[in-house]
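This is what each chain is made of:
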Amino acid sequence: MTKPHTTNHEQSLDKAKFGFWVYVMTDCVLFATLFATYAVLRNNTAEGPSAKDLFSLNFVLLETMLLLTSSFTYGLALIFAKQNNKKMTINWLTITAMLGLSFLAMELYEFNHLITEGHAWSASAFLSAYFTLVGTHGLHIIIGLIWIFVSIFRLKQGTLNIKNNNSLTMLGIFWHFLDIIWIFIFSFVYLIGVAL
Amino acid sequence: MFGRLGFDDLPTELITIGGALSMVGGLIAVTAGLIYFKKLGWLWRNWLTSLDHKKIGVMYIAIAVIMLLRGAGDAVMMRAQQALASGDSTGILSSDTFQQVFSAHGTIMIFFVAMGLMFGLINLVLPLQLGARDVAFPFLNSLSFWLFASGFVLINASLVIGEFSAAGWLAYPPLSGLEYSPGVGVDYWIWALQISGLGSLLSGINFLVTILKMRAPGMKLMDMPIFAWTVLGSMMLVIAVFPILTVTLSLLALDRLMGMNFFTSTLGGNPMMYINLIWAWGHPEVYILVLPAFGIFSEIVPVFSKKKLFGYTSMVWAIMSITVLSFIVWLHHFFTMGGGAKVNAFFGIMTMVISIPTGVKVFNWLFTMFRGKITYSSPMIWFLGFIATFTIGGMTGVLMAVPAIDFQVHNSLFLVAHFHNMIIGGVVFGYMAGLTYWFPKFTGFKLHEGLGKLAAWLWINGFIVAFGPLYILGLMGATRRIDHYDASLGWQWLFIIAGIGVLIIGAGIATQILQLGYSIWKRKELRDSTNGDPWDGRTLEWSTTAPPPHYNFAVIPEVKGQDSLWTSKQAKTTTKQSTTYNDIEMPKNTDAGIKLSAFAFLIGFGLVWHIWWLALIGLFGVIIQTILHLTKDDHEYTISAKDIKLHEQHRLKGTSL
Amino acid sequence: MKKIFLYIVAVMIPILITASLIFAATTQDLAILNTGGEIARRQHEILSFAFWLSMVVIIPVFGLTIFISIRYRSKNKKAKYTPNWHHSKSLETIWWGVPIVLILILSAVTWRTSHTLDPYKPLDNDLPPLEVQVVALQWRWLFLYPEQNVAQINNLTIPKDRPINLTITSDAPMNSFWIPKLAGQVYAMNGMNTKLHIIADQAGSYDGMSANISGEGFAQMRFTTEVITDEEFDNWIRLNKYRDEELTQELYDFIAQPSEDDEVHFFAHYDKNLYQTILNKYMSHAIPTDYSNTPETTNGGHH
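The sections below set out a description of the structure shown in this document. (Residues numbered from 1 in each chain as written. Chains lettered and ligands numbered in written order. Predicted model: local features only at pLDDT ≥ 70, side-chain atom pairs only at ≥ 80, totals over all residues. Heavy atoms only, no water.)

Within chain C, the regular secondary structure consists of six helices and 13 strands. Its C-alpha atoms give chain C principal-axis dimensions of about 85 × 45 × 35 Å. Looking at chain C as a whole, 51% of its 303 residues qualify as buried. Within chain C, one finds 24 positive and 31 negative side-chain charges whose respective centroids are separated by 23 Å. (Helix = DSSP H or I, 4+ residues; strand = E, 2+ residues; numbered from the N terminus. Buried < 20%, exposed > 50% of the residue type's maximum accessible area, 1.4 Å probe, protein only. Lys, Arg positive; Asp, Glu negative; His and termini not counted. Charge placed at Lys NZ, Arg CZ, Asp CG, Glu CD.)

In structure tokens form, the structure reads like this:
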């Protein structure tokens, strides 16, 4: 039980973090629903190409490495933030953002490739499910990137207190969460897709 | 430029013109009144931008009441049509309008009336019951409300511009797909629900954190009032299932907007998946609504029986098992899909199992009354009405849980009667009881008792007259949603009786409006002379004044055990005037929630009408407004201990500053 | 005194309304209870059983509610008052226990009847079943008799006492095929085969309908089921075979257009592949013909 003497500020940080975890849980449900949808529709290719015909593992492996590395670099940024080292925090955040951007660029490239090859989302239920699942993850990455850029901007401006701040911690939770979701996408959509 | 929007989208049928005119007229009248009485600024500062959970609660209820009137109007039109359209008569509505009306009725009643009343009451009561000054995230609370309001505006816009969905309240594809519903109706349905559903999801997070993190010192989970427990169960369900709704609606929207094939019947789409997904949300939704109603009765029955709640632990177990079980019953909404005997039997049995904890609750309430001293104030009349209707509804529900029986009554008026037993008898009666019970807490005066009892009595009788015939019609083989039937079937007189029942319920609603008006007029005589504890309450919300100060409690109460107010009243240790006050930090008013929701409305409206630039403006607005709000630091202001002391002295004397 | 009178009237009115509604119900032809075939009759038996079983709880609840609410009203000074009594292991065991037992009984019945009355389960009967294929259209019902190669719109004619195997699909939004006096309903869906097995043991005509909204003309989407003797059925086929009307693909495409026409039409011939063509319209390769959890059931019936 929180005592009435703990400051309001600490209390609200605690609440915010807990609330953010609950939000992440709702996002898990959201992705779980999309995964379920994908699982139901993955063979409904309407006589068009299936996962096996479309995906290249090497390409996706590179995407995966980019995102995993970005999680690592984000961790470094947080460590420097704890040490009150603003410059290094900003540097590592920037690297994280660059890695995220590269990931996004690769994903968009892949989408574009599929569409120009005639395998757009409207071609079959499988492709609808694929674009929606992977695209929703991509949308989350975009939100994460905006968040990172805003954080960098605020750190530079000095309006973001580098120590004990919730914003960077929660962004960390969010970014790692997207990583974990991606691992699932990588395994269920790409690995199993190519294997089976 | 304006997508699909053109002048021919204005209403053309007499009844829809009437609806549109009353909507626009009401809006103009209210705005004109506010301007004339110079109240716009006051409204903006004191209400619309307020983060005070009590005011947000009142605003939720205001919207819910407006929507109740519209939903009830829809009900009257439906029954009027069915009472008339026998044989050669075509009644008063075209098939298309009739189908829009019943789709709107279900959507409005669940999403905007029941959800609105629920979040309204939770907002009003929960923080007070927990001994907290506000909810965990006051801004998020305001945002939730405004998203709800934005959905409300969007669904009402469909009355004036364009049309509403004609595919039923859950819009099963392929009927709701582009091929069979090319118009804007289904899109209005999708985006109104999507926007308000997002608000509900945020509220779910907010109240869950409030319960787990904001209880007064000393209040263990097992000391919480049962209402708080039911809210906990309900919000856990919101968190678990509203994301499913978000996804389902999005997928349907993607089918309609981008030509995807999730639920189409061609190119591999799977409409059955939609039905599974929507009920994976939809069934828990029923429990989301009814659990807090159970909580309300668990507060009311002990207070009006002057006796401790019977079987608190049993109650908690019952609530939690209902919460868990409600996840694994959704398939009972479509046994008729041919899922196979084993699957059907499993889901049927799970459904019946839910009736066990629900039955336990009923017995616990009855034995709370047993050897008590019961006074029949109007909340208790609602409770008795609830016991009668809800038990019958539970019984018909168990019948329908047996797949072999369900094949015969599914989609019939028997089903319609059953779920109205649950939703009106359970949810509506519960919330009406709650509104009457907590009304004096927030206004300082009681609602007129005689009119309240009359209203409850009219509702109960109207309910029997309106839905009894539907059970009979269902057994006669009458399906739901028919706008016309053969005279030789001999259904007309039953539909006429059902129509009379709806009118009686309408008289009940009118009595409630009269009751509200009369009580405001006679507020001096109906004043709560106890200054905050008119029913001799047991829980913390009754320990502060009526209305409570915006910081709820000048000193956060220390709690020992259940029914803490009652215990301290019995021990005569209530010290209303504490001498030492500390500074209090309260959230500042903000219009960020309104702005965000206005942008969300633009997105919704833009997507309904394919006005892409408008949707883009909305999207950028949302992003920029979110960044601006989240990067701002000064969300709070401090009330000094001195000011509180001054305020408290006046407040406890019953004078204003 | 006057007040008590008022209370009694207030309570009597809903009771009287309920009683008169129940009485009214007994005067009506309740299709689900007044059945014309074995399946519907067994469904009715389960309905009655479950109803009376639930009365074991309902009646005590109503009794207790009336007793407690009168006895323990605050004005009754003779009644016992125990403000802090809030727990009793034995009482709570009763109302957790009794419902659990009842639900166990009902669960057993549910499990058994879900299997015995599974609409997919062929009926136990020595006579050869009659196959009928059903197609839901906007907003009509098309019945195909593959063995006889005749087709009908909005009328299902079947022989008495013979099992009928219905295979149901839809060339329209989802509908629900329902003949209340003969059997419960089953959905009709695009690209799917659902099954229903019925038998009629009384000649006569029974109402059939769509129970699931499928667009504007849904309310008119009704048909009659004519139950005639085996002999009459054969005659009916033989006589009508002389007619020359054929349901060609072109004609089918025409009648598949949305229409609220509820006339009966008979066709003496149709293209054998018609039903499969309708199914294929919505099929992409990986959807099984049957919507069912076990892939083995594709050829009818659960095992």
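There is more to say, and it comes next.
This part takes up the sheet that holds strand β3 (residues 150–153) of chain C. Residues and elements named next belong to chain C. A sheet is described by the order of its strands in space; here six strands give the open sequence β8-β5-β1-β2-β3-β12, paired in mixed fashion. Looking at which strands have only one partner, the edges of the open sheet turn out to be β8 (194–198) and β12 (265–267). On average, each strand axis in the sheet is tilted by 20° relative to the strand beside it, whichever way the strands run. Where strand β2 (residues 141–145) lies against β3, four bridges are found, and the strand directions are antiparallel. Within β3, the residue paired with leucine 144 across the bridge is alanine 151. Helix α4 (residues 230–241) rests against β1 (130–136), β2, β3 and β12 of the sheet, and its axis sits at about 95° to β3. (Pairing = 2+ DSSP bridges. Axes fitted to C-alpha atoms, helices over the stretch in contact; angles between N-to-C directions. Contact = heavy atoms within 4.5 Å.)

Our focus in this paragraph is the pattern of salt bridges. Scanning all chains against the criterion turns up 20 salt bridges over all chains. One salt bridge in this structure joins aspartate 171 of chain C and lysine 281 of chain C, with 3.0 Å as the shortest N-O distance. Of the two residues, aspartate 171 of chain C is situated in the loop between β5 (164–170) and β6 (175–179) and lysine 281 of chain C in the segment after α6 (274–280); the sequence distance between them amounts to 110 residues. With relative accessibility at 5%, the residue aspartate 171 of chain C sits in the buried group. The exposure class assigned to lysine 281 of chain C is partly exposed, which follows from its relative accessible area of 47%. In this structure, a network of salt bridges that share partners links the residues Lys306, Asp533, Asp536 and Lys569 of chain B. (Salt bridge = Lys/Arg side-chain N within 4 Å of Asp/Glu carboxyl O.)

Two strands in a sheet stick together by hydrogen bonds in their backbones, pointing the same way (parallel) or opposite ways (antiparallel). All names here are of chain C. Strand order in the open sheet made by the five strands is β4-β10-β9-β6-β7, with mixed pairing throughout. What marks the edges here is a single partner per strand, and that holds for β4 (155–159) and β7 (183–188). On average, each strand axis in the sheet is inclined to that of its neighbour by 20°, with strand direction left out of account. Note that β4 and strand β10 (residues 222–228) share five bridges and pair parallel. Residue isoleucine 158 lies in a different strand from β10, and its bridge partner there is valine 227.

Here the focus is empty space enclosed by the protein. In total, this model carries seven cavities of 30 Å³ or more according to the counting rule given. A volume near 140 Å³ is recorded for the largest cavity. Considering the residues around the largest cavity, the lining is formed by 15 residues, among which Ser298, Glu299, Pro302, Leu309 and Asp563 of chain B are closest to the centre. If one sorts the elements of the lining of the largest cavity by residue count, helix α8 (residues 271–305) of chain B sits on top with four residues. In this structure, the second largest cavity encloses a volume near 90 Å³. Lining the second largest cavity are 13 residues, and of these Ile39, Leu117, Asp118, Pro119 and His197 of chain C lie nearest its centre. At the level of elements, α2 (38–71) and β8 of chain C are the ones that each hand at least two residues to the lining of the second largest cavity. Taken together, the residues of the lining of the second largest cavity sort by class into seven nonpolar, four polar and two charged. (1 Å grid on protein atoms, 1.4 Å probe; cavity = no way out; pocket = protein on both sides within 12 Å on 5 of 7 lines; lining within 4 Å. Points joined across faces, edges and corners; volume = space filled by probe spheres on them. Nonpolar A, V, L, I, M, F, W, Y, C, P; charged D, E, K, R; others polar.)

By size, the foremost hydrophobic cluster in this structure holds 353 residues, and its most contacted members are Phe55, Tyr130 and Tyr190 of chain A, Trp365 of chain B together with Phe177 of chain C. The dominant element in this core, judged by the number of residues it contributes, is α8 of chain B, at 22 residues. (Core = buried A, V, L, I, M, F, W, Y, C linked by side-chain atoms within 4.5 Å.)

This part is about the environment of glutamate 147 of chain C. Residues and elements named next belong to chain C. Summarising the element assignment, glutamate 147 is placed in the loop between β2 and β3. Between the C-alpha atom of glutamate 147 and that of isoleucine 103, which follows or precedes it by 44 residues, the distance is 45 Å. Once residues lying within four places of it in the same chain are set aside, the contact partners of glutamate 147 are Pro129, Leu130 and Glu131.

Attention now moves to the packing of helix α3 (residues 57–82) of chain A against helix α6 (residues 166–195) of chain A. Residue and element names in this part refer to chain A. Contact geometry for α3 and α6: axes closest at 10 Å, N-to-C directions at 165°. Classed by the angle they form, the pair α3 and α6 counts as roughly antiparallel. By crossing handedness, the relation of α3 to α6 is classed as left-handed. (Parallel < 35°, antiparallel > 145°, perpendicular 65-115°, else oblique. Left-handed = near helix turned anticlockwise from the far one by under 90°.)

The next point concerns the packing of aromatic side chains. Aromatic rings in a pair are described by how distant their centres are and how their planes are angled relative to each other. Evaluation of the coordinates by the stated rule reveals 85 aromatic pairs over all chains. The interplanar angle of 45° and the centroid separation of 6.5 Å between the aromatic rings of phenylalanine 145 of chain B and phenylalanine 148 of chain B together place this pair among those described as tilted. You can see phenylalanine 145 of chain B and its partner phenylalanine 148 of chain B sitting in helix α5 (residues 138–160), three residues apart, about one turn around the helix. Take phenylalanine 145 of chain B and phenylalanine 148 of chain B: they sit in the same class, and that class is buried. Between the aromatic rings of phenylalanine 383 of chain B and phenylalanine 386 of chain B, the centroid separation amounts to 6.1 Å while the plane-to-plane angle is 35°, which identifies the pairing as tilted. Here phenylalanine 383 of chain B pairs with phenylalanine 386 of chain B, and both are found in helix α11 (residues 378–401), just three residues apart, close to one helical turn. You'll find phenylalanine 383 of chain B and phenylalanine 386 of chain B in the same group, each marked buried. Three or more aromatic residues joined by ring pairs make a cluster, and in this case those are Tyr38, Phe55, Phe103, Phe111, Trp121, Phe126, Tyr130, Phe131, Trp182 and Tyr190 of chain A. The ring centre of tryptophan 47 of chain B lies 5.6 Å from the NZ or CZ of lysine 55 of chain B, which sits over that ring. For the cation-ring pair, arginine 371 of chain B lies above tryptophan 85 of chain C, with the distance from its terminal atom to the ring centre recorded as 5.8 Å. (Phe/Tyr/Trp six-rings, centres within 6.5 Å; stacked < 30°, edge-to-face > 60°. Lys NZ or Arg CZ within 6 Å of the ring centre and 35° of its normal.)

Another aspect to go through is a nonpolar patch on the surface. All names here are of chain C. Side chains of Ile4, Ile8, Val11, Met12, Ile15 and Leu16 sit close together on the surface and give an oily, nonpolar patch of about 550 Å² of accessible area. Here isoleucine 15 shows up in helix α1 (residues 2–27). Residue isoleucine 15 is classed as partly exposed on the basis of its relative accessible area of 46%. (Patch = residues over 30% accessible without salt bridge, like charges linked within 9 Å, V, L, I, M, F, W, Y side chains within 5 Å. Areas by Shrake-Rupley, 256 points an atom, 1.4 Å probe, with all protein chains shown as cover.)

Time to look at the interface of chain C and chain B. Tallying the contact residues gives 100 residues for chain C and 100 residues for chain B. Of the roughly 8,600 Å² buried between chain C and chain B, counting both surfaces, carbon and sulfur atoms make up 70%. Applying the counting criterion to the chain C and chain B interface returns 25 residue pairs in polar contact (both at pLDDT 80 or more). Ranked by residue count, the leading element in the side of chain C that touches chain B is α2 of chain C, at 17 residues. Residues belonging to the side of chain C that touches chain B are distributed by class as follows: 58 nonpolar, 32 polar and ten charged. (Buried area = accessible area lost by both parts, 1.4 Å probe. Polar contact = N/O pair within 3.5 Å; in protein donor to acceptor, adjacent residues only side chain to side chain.)

Let us now look at the packing of α2 of chain C against helix α3 (residues 89–116) of chain C. Residue and element names in this part refer to chain C. The contact between α2 and α3 brings their axes to 11 Å, and the two run at 170°. Taken together, α2 and α3 sit at an angle that is classed as roughly antiparallel. From α2, Arg42, Ile46, Phe49, Ala50, Leu53, Val56 and Val57 reach across to α3, where they touch Leu102, Ile105, Leu106, Val109, Thr113 and Thr116. Taken together, the residues that form the contact of α2 with α3 break down as ten nonpolar, two polar and one charged.

Of the consecutive residues alanine 546 of chain B and proline 547 of chain B, the connecting peptide bond is found in the cis state with omega at -10°. You can see proline 547 of chain B is positioned in the loop between α15 (492–521) and α16 (564–570). That bond from glutamine 138 of chain C to tryptophan 139 of chain C is cis: its omega, -5°, falls within 30 degrees of zero. Counting through the fold element by element, tryptophan 139 of chain C comes out in the loop between β1 and β2. For histidine 610 of chain B, which is not glycine, the phi torsion reads 60° and is therefore positive. Looking at where histidine 610 of chain B falls in the secondary structure, it is placed in the loop between α17 (592–609) and α18 (612–630). The class of histidine 610 of chain B is partly exposed, set by a relative accessible area of 24%. In this structure, asparagine 149 of chain C takes a positive phi of about 50° despite not being glycine. With relative accessibility at 14%, the residue asparagine 149 of chain C sits in the buried group.

Note that every value here comes from positions in space, so none of it alone points to a role or purpose.
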